[in-house]
Amino acid sequence: MRTWHEIRGFPVAVRLLLVNQLGVNTGFYLLIPYLAVHLGENLGMSAAVVGIVLGVRSLSQQGLFLIGGSAADRLGARGVIIAGCALRTVGFALFALGDGLPVLLAASVLSGLAGALFNPAVRTYLSQEAGERKAEAFALFNVFATTGALIGPLLGSALLLVDFRASALTAAGIFAVLTVAQALVLPAREVPPSEASVLADWREVAGNRAFLGFALAMVGMFTLENQLYLLLPDGARRATGWDGAAGLVLLVGTLANLAFQLRVTRALKSRGHRARWIAAGLTLMGLAFLPPAVVAGSSSEGWLVAVPVLLGALLLHLGVMIASPFVMELIPGFGRPELTGTYFGIFYAVSGVAAALGNTVVGWAMDTGQGTGAEWLPWVFCAVFGPASAAGVAWLHRRGALPAGRGADPAGPADLTGPADLTGPPAQAASGASATTTSAASTSTSCAASNSASTSSASSCSTASADERSNA
């Protein structure tokens, strides 16, 4: 009831964007987890060709976030959001109707480009419309995203009883409805013309070393969150001997998110600087991998052995609940409000590439651990990764490199142009210093089943599964 009351307290535009995120994740997880099977089994494509199609989609999205962010700043977030949803409608429809490789590659490019457009644009619009309540808005954003990530695969599994095309056309229909709804409801905002070039904007953001350091520190959050689709489902499946147990990892998180996300954010937002809670969340995310490490490689199977794995999933979700809304709230404070979209775009581009490398290491650790009997290896790696990222955030905070957030403690950073010199040009530093306001079962099972394959396949599985929940 309190969550519903909180939602009603936001403008209509924010409420629509929350529903939009529910629809985006539902439509994405309704289709993408089953795409590889459709390409390989229904269309008879080789594993190499399947990898190319999936890789082109991921590359189109991860590689073009910067374009989407700049477009939101220059053209207005509303138009970019609408364009992104429209492109994904076309892309998913092509997956349903096309059998040839050229059509499928075009579908991959369009659906990836769509994500690159509306991901930073949605966050830019949400940040601008939420005003002083950014943290609460992004907390609700996570609730709707997580719910969609659970509904999508369940609906997709049901539609696959008909065929893949029914699933793909339904996903395209969801995005078509979202496109029309946003065109009708989202208010247009005047975008002041920029005197600088796009390249000058990129240089300004890329020169903000504090921001780049923060983006790199957040690699831990994205890498560990992706283990909800790779390492934890595999652990649940091995512990119980039942493939369906992988879906419990997502179910536990969704229920916890619905029950606690908004309460956690509201309880912490006025207690100390945002960096404190981001670091605490990252640390908890790392510690979440210790209970599963205790039973990794156990010869017994059963629900009692699965309890540490599910406990780890719950702790991981709680860590994300603590850190994620405050991360989103801080990003606009690193620079000028006119470049909010560009900052979000670069943040996800840097974090996405770095997290892909982290997932590759996790995949290597899984293969190595299974081959040598040291099945605790990937769990321990993740357990170390979380506190290491937290230490990076704490170091940036001590150096005065992070924007001050609402509710910052008296000892928080006041001078971002101090000896650390991490913030780039003085104008950016001043702007940052003043910005006080600034899938489910099928997906998880599919990823877990592929863990014994090569390192690269494990990495791509987790990246493809998690990008919409984390980045969209």
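Look a little higher up for the structure.
So, here's what we can say about the structure. Here the structure is a predicted model, which is why all the values come from computation and not from measurement.

1. Thoughts on the overall build of the protein
Item 1. Across its full length, the protein carries 22 helices and zero strands.
Item 2. Buried positions account for 58% of the 472 residues belonging to the protein.
Item 3. For the protein, the computed accessible surface area is about 17,100 Å², with 68% contributed by carbon and sulfur atoms.

2. Observations concerning the nonpolar core
Item 1. Residues F214, M218, F289 and F347 are the most contacted members of the largest nonpolar core, which totals 121 residues.
Item 2. Per-element accounting of this core gives the leading share, 11 residues, to helix 7 (residues 101–130).
Item 3. Filtering out sequence-adjacent residues up to four positions away, F289 remains in contact with L224, Q227, L231, L232, L316, W379, C382 and A383.

3. Some points on the packing of aromatic side chains
Item 1. Scanning the model with the defined rule gives 16 aromatic pairs in all.
Item 2. Centroid distance F118 to F175: 6.4 Å. Interplanar angle 25°. Geometry classified as stacked. Within this pair, whereas F118 is found in helix 7, its partner F175 is found in helix 9 (residues 164–185), the two being separated by 57 residues in sequence. For the pair formed by F118 and F175, the shared burial category is buried.

4. Describing helix 10 (residues 198–206)
Item 1. Where helix 10 is concerned, the buried positions are D201, E204 and V205. Along the axis of helix 10, the buried residues cluster in a sector spanning 95°; they form a single face. Exposed and oriented more than 90 degrees from the buried face of helix 10 are L199 and R203.

5. Considering the pattern of salt bridges
Item 1. Counted according to the given criterion, the structure contains 10 salt bridges.
Item 2. Of the charged contacts, one joins E129 and R189 as a salt bridge, the two residues approaching to 2.9 Å between their closest N and O atoms. Here E129 is found in helix 7, whereas its partner R189 is found in the loop between helix 9 and helix 10, with 60 residues between them in sequence.
Item 3. Residues joined in a network through salt bridges with shared partners are R74, D201, E204, R336 and E338.

6. Here's the deal with the environment of G392
Item 1. Tracing the backbone shows G392 in helix 19 (residues 377–398).
Item 2. As a C-alpha pair, G392 and G213 span 179 residues in sequence and 8.1 Å in three-dimensional space.

7. Notes on the packing of helix 18 (residues 340–372) against helix 19
Item 1. Two numbers describe how helix 18 lies on helix 19: the axes approach to 7 Å, and their chain directions differ by 150°. What the angle tells us is that helix 18 and helix 19 run roughly antiparallel. On helix 19, the residues that touch G358, V361, V362, W364, A365, M366, T368 and G369 of helix 18 are L377, P378, F381 and C382.
Item 2. When the residues that make up the contact of helix 18 with helix 19 are grouped by side-chain class, the tally is nine nonpolar, three polar and no charged.

8. Looking at the environment of R133
Item 1. Tracing the backbone shows R133 in the loop between helix 7 and helix 8 (134–159).
Item 2. Its relative accessible area of 24% is what places R133 among the partly exposed residues.
Item 3. Spatially, the C-alpha atom of R133 lies 9.0 Å from that of E329, the residues being 196 residues apart in sequence.

9. Thoughts on a nonpolar patch on the surface
Item 1. On the surface, V12, V180, L184 and V185 cluster together to form a nonpolar patch covering roughly 370 Å² of accessible area.
Item 2. Considering every element that reaches the nonpolar patch, the biggest residue donor is helix 9, with three residues.

10. Focus on the side chain of T340
Item 1. Mapped onto the elements of the fold, T340 is located in helix 18.
Item 2. Every residue in contact with T340, bar those within four places of it in the chain, is listed here: D73, T124 and P332.

Rules used in this analysis
- Residues numbered from 1 in each chain as written.
- Predicted model: local features only at pLDDT ≥ 70, side-chain atom pairs only at ≥ 80, totals over all residues.
- Heavy atoms only, no water.
- Helix = DSSP H or I, 4+ residues; strand = E, 2+ residues; numbered from the N terminus.
- Buried < 20%, exposed > 50% of the residue type's maximum accessible area, 1.4 Å probe, protein only.
- Areas by Shrake-Rupley, 256 points an atom, 1.4 Å probe, with all protein chains shown as cover.
- Core = buried A, V, L, I, M, F, W, Y, C linked by side-chain atoms within 4.5 Å.
- Contact = heavy atoms within 4.5 Å.
- Phe/Tyr/Trp six-rings, centres within 6.5 Å; stacked < 30°, edge-to-face > 60°.
- Arc of directions from axis to C-beta.
- Salt bridge = Lys/Arg side-chain N within 4 Å of Asp/Glu carboxyl O.
- Axes fitted to C-alpha atoms, helices over the stretch in contact; angles between N-to-C directions.
- Parallel < 35°, antiparallel > 145°, perpendicular 65-115°, else oblique.
- Nonpolar A, V, L, I, M, F, W, Y, C, P; charged D, E, K, R; others polar.
- Patch = residues over 30% accessible without salt bridge, like charges linked within 9 Å, V, L, I, M, F, W, Y side chains within 5 Å.

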